[in-house]
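Read off the chains here:
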Amino acid sequence: MIRVLRAGLAAATDLGRPGFARQGLPAGGAADQYSAAVANILVGNAENTPLIEVTASDFAFTTDRPALLAVTGAAVTVNGSARRAWEPLCVNAHDHVELTRLTGLRAYVAVNGDWHVDRTLGSCAAAPELGVRTWLRAGATIDVRDGYRPVDHPVFVLGAREPRLPDPLTIDITAGPDADETVAAALTTATYTVKADSDDIGVRLDGPVPPGVAKTDLLSKGVPPGAVELPPGDELLVLRRSHPITAGYAVIAVVTRVGLSTLGQARPGQRLKFRLRTIEDAVGDQRRQRQVLDALTRRAQTAFTSAGVP
């Protein structure tokens, strides 16, 4: 059992519920899909196993039994001693685990085992349309069923690849359906700043708006996660994974799937620049990231099988 000691702004989530757009439901799930998937791989879970997403705050917890866990996106201490993030951690029962100094906006905590959390349509991710959102509070508990037993070697080094988060961030885009490629290219010449009123629906950006694109409302249509829209006013709006599936604003570019994970770490005040990619480039980047995750999974399987970790 995981017991939350200090919650900050944290919730249980997973990689979302894709496949329900026809019913009007966005995919949702972890804002940084890469970091969430890595955390679960590092503890031997399936990538879509529930885990804890911590946003812009510290977080502390304990477990009532020895556990195998991993933290991505923050500094981590166990009973006050610094431990490795982005690697598996073996902890004893009642150890005090604390996350501080988030690298970006979000961090993730995975624990080996089968998480017993409420699911809606197969996912525990937030879905405001369904009235589903579970913020954790101090004292909250999560039941995790596992077969983990303490191992002789308490340190695993699997070499997970931690993404760099420079300032400004570079966010890859492809040209959008409502403007030609020159408009998308114009986005790459400016630096934008994440506004404080960004939320789970979209990231609002302060910066120059490309000229020559009509801002009048268009016929509402389906839009993908990562759509870069021109709403009324002098700003850009980049839709996240929890966005409404239809919209009536011009979509001038689309953030790539890899770029969306990076954007999930953008704090208010963070500067970012866009980089224009072709569809082929975007697909190639996603395939290379998939290869990185698959290689990490193979290393984890080898290490945990050798150590007798289920």
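Provided above is the structure to which this section pertains.
What counts, and at which threshold
Residues numbered from 1 in each chain as written. Predicted model: local features only at pLDDT ≥ 70, side-chain atom pairs only at ≥ 80, totals over all residues. Heavy atoms only, no water. Helix = DSSP H or I, 4+ residues; strand = E, 2+ residues; numbered from the N terminus. Buried < 20%, exposed > 50% of the residue type's maximum accessible area, 1.4 Å probe, protein only. Expected span 1.5 Å × (residues − 1). Contact = heavy atoms within 4.5 Å. 1 Å grid on protein atoms, 1.4 Å probe; cavity = no way out; pocket = protein on both sides within 12 Å on 5 of 7 lines; lining within 4 Å. Points joined across faces, edges and corners; volume = space filled by probe spheres on them. Nonpolar A, V, L, I, M, F, W, Y, C, P; charged D, E, K, R; others polar. Axes fitted to C-alpha atoms, helices over the stretch in contact; angles between N-to-C directions. Parallel < 35°, antiparallel > 145°, perpendicular 65-115°, else oblique. Left-handed = near helix turned anticlockwise from the far one by under 90°.

### Overview of unusual backbone geometry
Part 1: In this model, D167 is joined to P168 through a cis peptide bond whose omega is 5 degrees.
Part 2: Structurally, P168 is set in the loop between β12 (141-145) and β13 (169-175).
Part 3: Despite not being glycine, N79 has its phi angle at roughly 55 degrees, a positive value.
Part 4: Assignment of secondary structure puts N79 in the loop between β6 (75-78) and β7 (81-83).
Part 5: With a relative accessible area of 49%, N79 lands in the partly exposed category.

### Some remarks on helix α4 (residues 279-307)
Count 3.6 residues to each turn of an α-helix, and residues three or four apart come out pointing the same way.
Part 1: Taking 1.5 Å of rise per residue, 29 residues should cover 42 Å, and α4 covers 42 Å from first to last C-alpha, within 8% of that figure.
Part 2: Turning to α4, its buried residues number three or more, namely A282, G284, D285, Q289, L293, L296, A300, A303 and F304.
Part 3: Buried residues along α4 sit against α1 (33-42), β5 (67-72), β8 (88-91), β13 and α3 (257-263).
Part 4: Of the residues trailing α4, G308 is marked for its positive phi of about 80 degrees.

### Observations concerning the layout of surface pockets
Part 1: Roughly 660 Å³ of internal volume is contained in the largest pocket.
Part 2: In terms of lining residues, the largest pocket is bounded by 22 residues, among which P163, R164, V258, T262 and Q289 are the most central.
Part 3: Those elements that provide at least two residues to the lining of the largest pocket are α1, β13, α3 and α4.
Part 4: Looking at the lining of the largest pocket residue by residue, the class counts come to seven nonpolar, seven polar and eight charged.
Part 5: In this structure, the second largest pocket occupies an estimated 490 Å³ of space.
Part 6: Surrounding the second largest pocket, 31 residues form its lining, A31, E53, T55, R106 and D200 being those nearest its centre.
Part 7: Within the residue set of the lining of the second largest pocket, elements represented by two or more residues are β2 (10-13), β3 (51-55) and α3.

### Looking at the packing of α1 against α4
Part 1: Closest axis-to-axis distance for the α1/α4 pair is 9 Å, and the angle between their directions is 15 degrees. When the interaxial angle is binned, α1 and α4 end up roughly parallel. The handedness of the crossing between α1 and α4 comes out as right-handed. Residues Y34, A37, V38, I41 and L42 of α1 pack against Q289, V292, L293, L296, T297, A300 and F304 of α4.
Part 2: Each residue belonging to the contact of α1 with α4 can be placed in one class, and the counts come to ten nonpolar, two polar and no charged.

Taken by themselves, the reported measurements are silent on function.
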